[in-house]
Amino acid sequence: MREKKNHLYVDGQERTLLLHSLVELKNQFIQQGRYTDCVGELIFKVVNAVVKKMKIEYV
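Notes on the structure follow. (Residues numbered from 1 in each chain as written. Predicted model: local features only at pLDDT ≥ 70, side-chain atom pairs only at ≥ 80, totals over all residues. Heavy atoms only, no water.)

Things to note about the packing of helix 1 (residues 12-32) against helix 2 (residues 37-47)
Okay, so step 1: Two elements in contact, helix 1 and helix 2, have axes separated by 10 Å at closest approach and are oriented at 160 degrees. By the angle between their axes, helix 1 is roughly antiparallel relative to helix 2. At the point where helix 1 passes helix 2, the crossing takes the left-handed sense. For the pair helix 1 and helix 2, the contacting residues are Arg15, Leu18, Leu19, Leu22, Val23, Leu25, Lys26 and Phe29 in the first and Val39, Gly40, Leu42, Ile43, Val46 and Val47 in the second.
Okay, so step 2: Classifying every residue of the contact of helix 1 with helix 2 gives 11 nonpolar, 1 polar and 2 charged. (Axes fitted to C-alpha atoms, helices over the stretch in contact; angles between N-to-C directions. Helix = DSSP H or I, 4+ residues; strand = E, 2+ residues; numbered from the N terminus. Parallel < 35°, antiparallel > 145°, perpendicular 65-115°, else oblique. Left-handed = near helix turned anticlockwise from the far one by under 90°. Contact = heavy atoms within 4.5 Å. Nonpolar A, V, L, I, M, F, W, Y, C, P; charged D, E, K, R; others polar.)

Description of the packing of aromatic side chains
Okay, so step 1: Applying the stated criterion across every chain yields a total of 0 aromatic pairs.
Okay, so step 2: Arginine 34 extends its terminal NZ or CZ atom over the ring of phenylalanine 29, reaching a point 4.3 Å from the ring centre. (Phe/Tyr/Trp six-rings, centres within 6.5 Å; stacked < 30°, edge-to-face > 60°. Lys NZ or Arg CZ within 6 Å of the ring centre and 35° of its normal.)

Describing a nonpolar patch on the surface
Okay, so step 1: A cluster of nonpolar residues, Tyr9, Met54, Ile56 and Tyr58, forms a patch on the protein surface that exposes about 590 Å² of accessible area.
Okay, so step 2: Within the element layout of this structure, isoleucine 56 appears in the segment after helix 2. (Patch = residues over 30% accessible without salt bridge, like charges linked within 9 Å, V, L, I, M, F, W, Y side chains within 5 Å. Areas by Shrake-Rupley, 256 points an atom, 1.4 Å probe, with all protein chains shown as cover. Salt bridge = Lys/Arg side-chain N within 4 Å of Asp/Glu carboxyl O.)

Spelled out as structure tokens, the structure:
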């Protein structure tokens, strides 16, 4: 059975905040001597994610 994919839609500011938070988490893991592979993969996915322009209508 296929795994369900989840999509996350963020704007430019949220993407920047997400990247800063992930880098901070990775730095904390390094200080604690823990593995950082999973956080590194997430950073890679966020940086290389496709940017789509969307029109948002506020009601």
